[in-house]
Every structure is written in structure tokens, then in C-alpha cells.
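Notes for the structure review
As a plain string of letters, each chain reads:
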Amino acid sequence: MSPLPRRGGWDSEPAVFLALLLVIALLAVLPLGRLALEGVAAPGRSLLTSVLAARQTWVAAEHTVVTALLGTLLSVAIGVPAAVLLALSDLRGKAVLVFAFMLPLLIPPQIIATAWIELCGPASPLLRPLGLAPRAGVPNPLYGAGGISLLLGIEHAPLVFLALNAGLRALPRELIEAAQASGAGFWRCLRDIILPMTGAPLAAGASLAFVSAIGNFGTPALLGIPGGYNVLTTLIYRKLAGFGPTVLSEVADLSLLLAIIALIGLFFQGWAMRRRDTSMTGAGAPLRAFPLGRWHRPIAAACWGVVVLIVALPLGSLLATSLEPAYGVPLSLATATLDNYRYVLFADAAAGRAALNSLFLAGAAALVLPLLALPLGLFIAWRGSRIMRLAGQLAELPYALPGVVLAIACILVLIRPLPLLGLSLYNTIWIMLVAYLARFLTLALRTVTAGYHQLDRAMEEAAQMAGAGFVRRLRSILAPLLAPVATAGAILVFLTALNELTLSILLWSTGNETLGIVVFSLEQGGDNLSAAALAVLVVAATVLLMLLAGRLARRLPRGALPWQV
Amino acid sequence: MAGLSLAGLGKRYGAHPAVENATFELATGEFLAVLGASGCGKTTLLRLIAGFERADSGTIHLGGTLLSSPAHHIPAERRGIGIVFQNYALWPHMSVARNVGYPLEVRGMGRSERDRRVAAALESVGLAGFAERRPAELSGGQRQRVALARCLVMGTKLVLLDEPLASLDLHLRASLQDAIADLHRKSGAALLYITHDQAEAMALADRVAVMDAGRIAQIAPPAVIYREPATEMVARFVGRGGIVPVQVTRAGEKGRAPVDLFGCPAVVRCRADQPAGAALLCVRPEDLRLAARGEPSFEAVVKRTHYQGGSVAVELVPTARPGALLAMTLPGHSVLAAGQRVALSITDGWIVPAG
Ligand SMILES: Nc1ncnc2c1ncn2[C@@H]1O[C@H](COP(=O)(O)OP(=O)(O)OP(=O)(O)O)[C@@H](O)[C@H]1O
Ligand SMILES: [Mg+2]
């Protein structure tokens, strides 16, 4: 029998490889490289020094670091007990607790800040009936460093939780059982074995919380700007919003300063991740949960108490505010009204436009990025290509660095007309799309790469043996097999993009506003009722999408969805 | 009475019984090896005794103390049972010395006394100079020695080992077997040793337990397991040899009974209460020989021969029973070819008890 002739001699794999490298170079390397260049060689060595000489810069930098550090401490204080309880104990109702606990990460900061402002304000629909609300005329107690740190801590606690939880679940069961057999009880095990062995993931999670905190815009914008408390992100926003592209060099230098602080945190995170001991050999069997016994009730009550405090109460007062007829009018069954919803849904043109724009941007990113991630993940996970792995790491930067940094970098690259085409993307929706693609690529890539690691390479090799070329293998074998993870990646991108604020607020132009911007502007402009109504709608959509993605979960590798651990 | 005692111990996963009605006693200082096919419940049995799993039924006593019953469960950390895991389970963030000394540390023993005992334990497993190393800086065999030292230092009455040598190569196994025999001798503890390696079990253990689908099929000294298997499964699982149908011509008397093996009369060993009738005969390789001319014999066909250097292992199919298989060992110079017909006679055999 003669071998089957193979059709066509051309192997498309190298071409796809080069195309992907080009995409990453354009999306990640070019803008960030351009920004770095601005710092060392651009028209203003003198400008750089003038920015660095300004007192304002250092005050903002100090505020940034202080609030971020305090926030990180709080994140650790919340995240560590949560991870230990949920990963190691036999607490009941874990799935619901994890879901509730992840909400502050997935609901955007501007909405969380809005909710907390309502919760603690003089008009607080929940505190006022109890007589606990501050008097009218007194500034909201959350304004300033304390409130910012508090909310940063709550918003980023899930990052600490996720990192530690993953570390705890990767612990080989025998190592803990050997300690139990040695006579160590729960606390002893925790102190001597479990926590020392998960120190690295904990440090990594805390660094991530810190980096996210310094890049956060929505929280310090809503809680800091009213009291004149500036951090670097809000300083950049105020300069750019006030003076436009004329101050581009100046804000570029500020964002470089922000990037450097972030890089220190990221460096620490990378160091911690590398310190993880790889000599551990696990049997892969799930850990036997430590029984809480008679402590079950009080601990469960404490967990639910925390969830009520950091999730239910603020969201509840957001909902209550959205139903008020006028700001400050006490809410009752008789006074509750849907007018605010009617207004944002039908009357306010900006809100309608914003919904469409956000859907377009998030939808396009959710469609394009998984398609890029499919071949990218293949090169990274299966081919073990060094270059592609490096490219994959570079693609992490636009997500890991503060959004403000990426936004400024995109402006620097795209403000001038594109070569050949002769038109500029600045002040159009397309600059926002480019920035979204750059920022969220890594979300899709991580999910898909995890999928490749779980798939047997023989799947592709058999198709190769059958004579299928590279693109055909991707299309007919790998894409269907990885469809569930790619979908999970798409949903993750969509969720995150739908709620985006930091990039958008620096890149938008009239007509191109997004949901994040409208909620932010309404709240900042004092229209708390409409802001609350729109925020409630966005939260509802977010929760709905999370639940929808959860239905996919049985077909996903573990950990593909952050809120199902 | 001291030692370990299980009565009617059972554990189910869903509807599937992983361990059923395990009942046996392990005397102080005894070495029991547990054999059985993969998935028959060996690890589950060990984890029940260790206290990592809760039994659904039955009881576990150690040294007269109740460790486990359906209503009562002493957690693993309060049982004081030493355990050696297949993948060592050394804590990577602790030095070798701290790994070994941890059980003492937990018990609140003072520094100097602890150091002394750790040094002695490391010495006795041949790792005297390794105290300050990290587990990652040791070879597989050395890691398992550290794990042994960790058990030794606890001074427990019972040590459980779940295939402790399975991830080591053949060469290392022999030296670790010595180390385990050493641990057994020095500690005076009872050992419950799970293994896949029959030769290892036979060589090390005082008694062997064979498990079959969650139940303990037989528990007896190695020679008894080999010579007098209690069930057909044990007969097939342990050692080489064949199981063939025979006709018992007269009920057993003083442990012997006359049988008719494919028309060839013979007298074999049996239980005292063996009735006459159809039965299964376990014939080990050393029980078979080529028949001399004129001797009562039955015919078989050579199926395969393996030259083993010094001897030849031969597989044969009785002509009267083409489905059955017999095995025998012949001197290395004998020339038998596949397909050849030979006359066989048996010198010994064991009637496998029915039911
Ligand atoms: N946590 C569990 N949940 C459900 N079934 C289990 C669990 N652990 C073990 N089993 C089942 O119980 C049975 C006995 O398992 P066990 O691990 O005790 O076997 P084993 O004899 O140790 O096997 P091996 O020789 O392969 O190690 C198997 O059928 C196994 O599938
Ligand atoms: Mg096992």
C-alpha cells in the first residue's frame, strides 16, 4: 500500500507564528515601548525633572503608596482567613460564599464606591432608619485616605484569596497527613506546615493586590477628588481632562512614575512565584477537609456576616437609592419608584449610547481575543516556543500595569495619523478598542493556555498523522476541543470590558462614552439616583453573566473561572 | 491485649464498598504485609486505621484503646500511629532534622533531648551527616530513609506503610528493604505494609493478608498463603502455578485425600473436612515433574518455555483440559520445544477449599 499523498507542500504554521508575534508587538510592545522612550529621550529631559520636582507629584505618589499599602493589609486580613476556611475546612455552602466573596472583584470600583457612598452618606437608606447615618452637610466619612484604603482593601481581597486558595489546593495531601500522624492538630498544622508552604502564593497575591490598588482609578476618583485627595491615577486624569493633549508629555512622565511603582510590585510578585517549591510531589487527591465541629455555627455566622457587610449592605443601599423618588426622601413602599430606571433606560441619551458602545467594545474584544489565544496558547503550551512564551509574558504587561499607563501609551502612539492611511484613531472609538484588546488579551490567553495543558497532545498529533495542515488542525480539532475554555475566556473578557473605566475615561470622546464613564459622571455630577439605577443594571448584568459562565463550569479545567474555585 | 485489632471494619464510597468486614488482629511487633490487586481497598484500609477516613461500620482498637467505631472517631493526630507514604511526604520548607524531629516538637519535647533522638534516628537509617539538608537535596532512597526515621523517632507501637518502595528502582529497593527490616527490629513496632511486590511481602512479613474486592480473603504466614491458599483468588494471585479441576475420590483424612487428575490417581493435601466430589487443585511448579516410564501420568502439551539461566520455566496445557494452564521448572539443559507432548505426574498439590 502506498502512503496517502499529502496535499499542498506549504506549511502555514510559521506564517501564523510570525503574524501572532506581530500582533503582540503592535498591541503590547509598541505602546509601552513608546511610553518608556518618552521618559528617557523625548522632547523634555527638562520636563521630566520638572514633573519630578513638583511637590504635587510626590504628594500624589505618597498617597498612592500609602492607600495601596493600607488596602493590601486589609485585603490580606480578609483574604487569608477566607482562603483557609474555604479551602481546608468542611464549612457548608462554600460555592455561594465564594461567589459572593468574588463579587467585589468583578463589580467595577466606580460602582462599589457609589454603593458605599450611599451606604455611609447622610441619605443612607439603610443607616438612616436606624439613626446611624451622619448628619446632612457633613462630608461623607468615606472621603479621603481612610475610605479609599478601606474600599481598595475590600475590592482586592479576592486577589489574595484566589492566590492563597490555589496554593492551598496544590498542597500534597500527604504532607498534611504526615503532620497529623505526627500528632499536629489543625492550628499546629496551619502554623508549621500549611502557612509556611503557602507563603509564596500569599506574597504573590498580596503583591497583586498592591499593584491593582495603585492602578485603581474609580475608587480614589469618587472618594478622593471631592476632598482634594489626589493619587497618581486621579492626578493624571485631572490634568488630561483639564488641559487635553498639550500636557501629554507631563502625564506621560507621571504615568511612568506609576508604572515604576507597579513594576516594583510585579517584580516582587514574580520573585514570590519563583520561590514556590517545585520539589513537592502531590498525589492529586483532594485534601480531607478539617472538621469545624462545634465551631461550625459561629464560623459560618462570621463568614456570612462579612459577606453581608462587604457585599449585601452596600449593594442593598445602592438598590434602595435607585428606587428613591428624590435624593434624601425616605424610602418606603409608598415612595419607591422606577422613575430613575425609566430615566437612564429611555430618557438619557448618553446612557443609551454608552450601553451600545460598551456592548460593542466588550463584544469585539470577547470575539477577537479568544481567536488570537487559540493559536497563541498552542505555541506556548505545546510547542514550548521560547519566543512565544516571552511574547505571552509581554502580553501580560498591559493588563498587569495600571490602566492609566496603557491609556497614555496608546495616546502617544495613536495621536498622530497612522502611516499609509493618513488618519488618526485618537478621538474615535477605535483607539478604545485597540486599548481594550491590548489590556484583555492576557485574560483570554491564560484560560486557553490552561485548557491546552489539560488536553492530550496526541489529539493534535493524530490529526497531523491524518494529514491535516496547521490551520485545519486548529479549526477542526483544537477549536472544538477548546471551545468551552475559549468561551470561558470570552465571558471573562466581556465581563471585565463591559465594566471598564480606567482606560475609557482617558480615551473617550463625545459620543463614545461607555457604561463605566456614564455611571462615574452621573455620580460625580451629583445625580446619585440615576447613577444608582444604572449601577444596579450593570451589577445585575454582571451577576447574570457570572451565573451563565458557571453553567459551563463542569466542562472547564479547574480554576478557569475565578469565582469557582 | 496489646496490638491492633479490627472487627467488622467497613467503608463505602457511595454504593461501592471499598473495605468490607475487615476483621483481624496484629500482635505487638508483628510484621503484616497486605497484598491484592489494584483497587481492592488496601490504601483505604490503611487510611481507616490511620484515621484519615471515617469507618462506616466496625471498630478499631489499638493497645486496648478504642480508636474508631461508627459513633466515635479519634482524629489521626491523636492516634500516635506512624505512617510512611509512597511519595515520602517530607515537608520541603524544613530541614531533614526538623522533618524527623517534628513529631517530638509537636509533643513539646525540649530542644536537647529532641536533637539527641533525631541524631540517633538519622544514624540508624544511615543518614548521620544529612541533618541540615533540605529534602530537595536528597535522592529518592534517602528521602524515604528520612521518612522512616520520622516514624522511628515517634516510638510508636504501629507503623503503616503504603507501598513505600514503589517509586524507587529495583536496586534501591533491596537496601530500603533492609532499612525497613531494621526499623521493624529496632522499634519493636507492629508494621502493616502494603505492597504490590509478592517477593517483598514473602521475604519481609511474618504474616501476609490477601485482599480481594474489599474483603480479606486470607491472612496467614507466607508459607501457608503459598502452600494452602484459602480461596481460588488467593491461589491464582499468589505465586506461579496452575489451578485445575480434579475429582476427589474419597473424603479427606488427616489432611490428605486421593484424587483423580485427568485420569491419573494421586494423593494431595487438603483441609480436614474436605468432602469427596469435584474440586479445584492448586499445583505449584515444584509439585510437577516429567513422569518416568510406567508411572501413572497424564498428558500435556508444552505451550511456551522461558530460559531463565540455570533453569527453564515451562507452561503446559493438559490435553484433557485445553483451557487450563500448568507451570513447572526444569533444569536449564533440558530441551523441550513448544508443541511437544509430555507425560506429567504430580508429587504434591492442595485442594482449594470450596466457597
Ligand atoms: N475518595 C474516594 N472516593 C470514591 N472512591 C474511592 C475513593 N478512594 C478510593 N476509592 C475507591 O475505593 C476502591 C479502593 O481504593 P484503594 O485506593 O483503597 O485501592 P488500593 O488497593 O490501594 O489500590 P492500588 O493498589 O491501586 O493503590 C477503589 O475502587 C477506588 O476507586
Ligand atoms: Mg493504594
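Note that the coordinates shown come from a computational prediction; the quantities given were computed from them, not determined experimentally. (Residues numbered from 1 in each chain as written. Chains lettered and ligands numbered in written order. Predicted model: local features only at pLDDT ≥ 70, side-chain atom pairs only at ≥ 80, totals over all residues. Heavy atoms only, no water.)

The subject of this paragraph is the pattern of salt bridges. By the definition in use, this model includes 31 salt bridges over all chains. Residue Glu177 of chain A pairs with Arg47 of chain B through a salt bridge whose shortest N-O separation is 2.8 Å. Within this pair, whereas Glu177 of chain A is found in helix H7 (residues 173-181), its partner Arg47 of chain B is found in helix H1 (residues 42-50), the two belonging to separate chains. Glu177 of chain A gets classed as buried once you look at its relative accessible area, which sits at 3%. A salt bridge links Arg446 of chain A to Glu396 of chain A; the shortest N-O distance between them is 3.4 Å. Of this pair, Arg446 of chain A sits in helix H18 (residues 429-454) while Glu396 of chain A sits in helix H16 (residues 386-400); the two residues are 50 residues apart in sequence, bridging distant segments of the chain. Bridged by salt links that share partners, the residues Arg227, Glu228, Arg269, Glu286, Asp287 and Asp348 of chain B form one connected network. (Salt bridge = Lys/Arg side-chain N within 4 Å of Asp/Glu carboxyl O. Helix = DSSP H or I, 4+ residues; strand = E, 2+ residues; numbered from the N terminus. Buried < 20%, exposed > 50% of the residue type's maximum accessible area, 1.4 Å probe, protein only.)

Below, the discussion takes up the domain arrangement of chain B. When the domains of chain B are assigned, the result is domain 1 (4-227) and domain 2 (240-352). When each unit is reduced to the centre of its C-alpha atoms, the spacing between domain 1 of chain B and domain 2 of chain B is 39 Å. (Domains from an automatic or database assignment.)

Time to look at the sheet that holds strand S17 (residues 298-307) of chain B. Residues and elements named next belong to chain B. The five strands are arranged S16-S20-S17-S18-S19 in an open sheet whose pairing can be described as antiparallel. The open sheet is flanked by strand S16 (288-290) and strand S19 (326-331), the only strands paired with a single partner. Averaged over all pairs of adjacent strands, the angle between their axes in this sheet comes to 50°, without regard to strand direction. The pairing of strand S18 (residues 311-318) with S19 spans six bridges and is antiparallel. By the bridge assignment, Ser311 is partnered in S19 with Pro331. (Pairing = 2+ DSSP bridges. Axes fitted to C-alpha atoms, helices over the stretch in contact; angles between N-to-C directions.)

So, about the site of ligand 1. Residues and elements named next belong to chain B. Looking at ligand 1, the residues that line it are Tyr13, His16, Ala18, Ser38, Gly39, Cys40, Gly41, Lys42, Thr43, Thr44, Glu163 and His196. Between an oxygen atom of ligand 1 and a side-chain N or O atom of Lys42, the distance comes to 2.7 Å. Residue His196 places a side-chain N or O atom 3.4 Å away from an oxygen atom belonging to ligand 1. For ligand 1, whose accessible area on its own is 640 Å², the fraction buried by protein is 59%. Of all the secondary-structure elements, those providing two or more residues to the shell around ligand 1 are strand S2 (16-26) and H1. Tallying contributions element by element places H1 first for the shell around ligand 1, with three residues. (Near = heavy atom within 4 Å. Polar contact = N/O pair within 3.5 Å; in protein donor to acceptor, adjacent residues only side chain to side chain. Areas by Shrake-Rupley, 256 points an atom, 1.4 Å probe, with all protein chains shown as cover.)

All names here are of chain B. Turning to its location among the elements, Val314 is positioned in strand S18. C-alpha of Val314 to C-alpha of Val302: the two residues are twelve residues apart in sequence and 7.1 Å apart in space. Excluding its chain neighbours within four sequence positions, the residues that come into contact with Val314 are Val302, Arg304, Thr305, Leu326, Ala327, Met328, Leu330 and Leu336. (Contact = heavy atoms within 4.5 Å.)

What follows deals with the pairing of strand S13 (residues 256-261) of chain B. All names here are of chain B. Pairing between strand S12 (residues 242-248) and S13: two bridges, direction antiparallel. When the bridges of S13 are listed, Val248 appears paired with Val259. Across six bridges, the pairing between S13 and strand S14 (residues 264-269) is antiparallel. When the bridges of S14 are listed, Leu261 appears paired with Cys264.

Residues and elements named next belong to chain A. Position of Thr234 among the secondary structure elements: in helix H11 (residues 232-243). With a relative accessible area of 0%, Thr234 lands in the buried category. Apart from the residues lying within four places of it in its own chain, the contact partners of Thr234 are Phe217, Pro220, Ala221 and Ile225.

Moving on: the interface of chain A and chain B. At the interface, 25 residues of chain A touch 25 residues of chain B. If you sort the residues of chain A by the area they bury against chain B, Ala181, Ser182 and Arg288 of chain A come out on top, with a joint share of 25%. Viewed at the interface, chain B and chain A are joined by two salt bridges. Along the contact surface separating chain A from chain B lie six residue pairs in polar contact (both at pLDDT 80 or more). By residue class, the composition of the side of chain A that touches chain B is eleven nonpolar, seven polar and seven charged. (Buried area = accessible area lost by both parts, 1.4 Å probe. Nonpolar A, V, L, I, M, F, W, Y, C, P; charged D, E, K, R; others polar.)

All names here are of chain A. Axis separation between helix H22 (residues 515-524) and helix H23 (residues 528-551) bottoms out at 7 Å; the angle between their running directions is 150°. Regarding the angle of H22 to H23, the classification is roughly antiparallel. For the pair H22 and H23, the sense of crossing is left-handed. In contact with Leu515, Val518, Val519, Leu522 and Glu523 of H22, H23 contributes Asn528, Ser530, Ala531, Leu534, Ala535 and Val538. Split into classes, the residues belonging to the contact of H22 with H23 amount to eight nonpolar, two polar and one charged. (Parallel < 35°, antiparallel > 145°, perpendicular 65-115°, else oblique. Left-handed = near helix turned anticlockwise from the far one by under 90°.)

All names here are of chain B. Here we have six strands laid out as an open sheet, ordered S7-S8-S9-S3-S10-S11, and mixed in their pairing. Of all strands in the sheet, those bounded by a partner on one side alone are strand S7 (82-84) and strand S11 (215-220). Each adjacent strand pair in this sheet contributes to an overall mean axis angle of 20°, direction not counted. Summarising the sheet, strand S3 (residues 31-36) and strand S9 (residues 190-194) pair through four bridges and their orientation is parallel. Across the sheet, Val34 pairs through a bridge with Ile194, a residue of S9.

Secondary-structure assignment places Gln180 of chain A in helix H7. Setting aside chain neighbours within four positions, we find Gln180 of chain A in contact with Cys189 and Phe290 of chain A together with Phe52, Ala76 and Glu77 of chain B.

Moving on, we come to the confidence of the model for chain A. Detailed conclusions should not be drawn from predicted coordinates in areas where pLDDT is low. With 92% of its residues at a pLDDT of at least 70, chain A reaches an overall mean of 85. When the criterion is pLDDT under 50, residues 1-9 of chain A qualifies, and its contacts beyond four places in sequence or with other chains add up to three contacts. (pLDDT = per-residue confidence, 0-100.)

To continue, consider the nonpolar core. The nonpolar side chains of a soluble globular protein tend to be buried, and buried together. Within the largest apolar cluster, 226 residues are counted, with the highest numbers of intra-cluster contacts made by Ile408 and Tyr452 of chain A together with Leu192 of chain B. Dropping the residues within four chain positions of it, Leu192 of chain B is found in contact with Leu4, Phe24, Leu26, Leu32, Val34, Leu46, Ile49, Val159, Leu160 and Leu161 of chain B. Ranked by size, the runner-up nonpolar core spans 45 residues in total, among them Leu35, Leu127, Phe130 and Leu183 of chain B. (Core = buried A, V, L, I, M, F, W, Y, C linked by side-chain atoms within 4.5 Å.)

What follows is about the pairing of strand S4 (residues 57-62) of chain B. Residue and element names in this part refer to chain B. In the sheet, strand S1 (residues 4-13) pairs with S4 via five bridges, with the strands oriented antiparallel. Residue Ala7 lies in a different strand from S4, and its bridge partner there is Thr59. Judged from the three bridges that link them, S4 and strand S5 (residues 65-69) form a sheet pairing that is antiparallel. Residue pairing across strands places His61 opposite Leu66, the latter belonging to S5. Here S4 hands over to S5 after two residues, with Gly63 in that stretch at a positive phi of 55°.

As a further point, take helix H13 (residues 296-322) of chain A. Residues spaced three or four apart along an α-helix point in a common direction, a consequence of the helix completing one turn every 3.6 residues. Residues and elements named next belong to chain A. The end-to-end C-alpha separation of H13 is 37 Å, in line with the 39 Å expected for 27 residues at 1.5 Å each. Residue Val308 marks the point of greatest curvature in H13, where the axis turns by about 45°. Within the span of H13, buried status applies to His296, Ala300, Cys303, Val307, Ile310, Val311, Pro314, Ser317, Leu318, Ala320, Thr321 and Ser322. Where H13 is buried, its residues meet helix H3 (55-88), helix H4 (94-106), helix H5 (109-120), helix H6 (145-169), helix H14 (339-347) and H23. (Expected span 1.5 Å × (residues − 1). Bend = angle between axes of the 7 residues up to and from the residue.)

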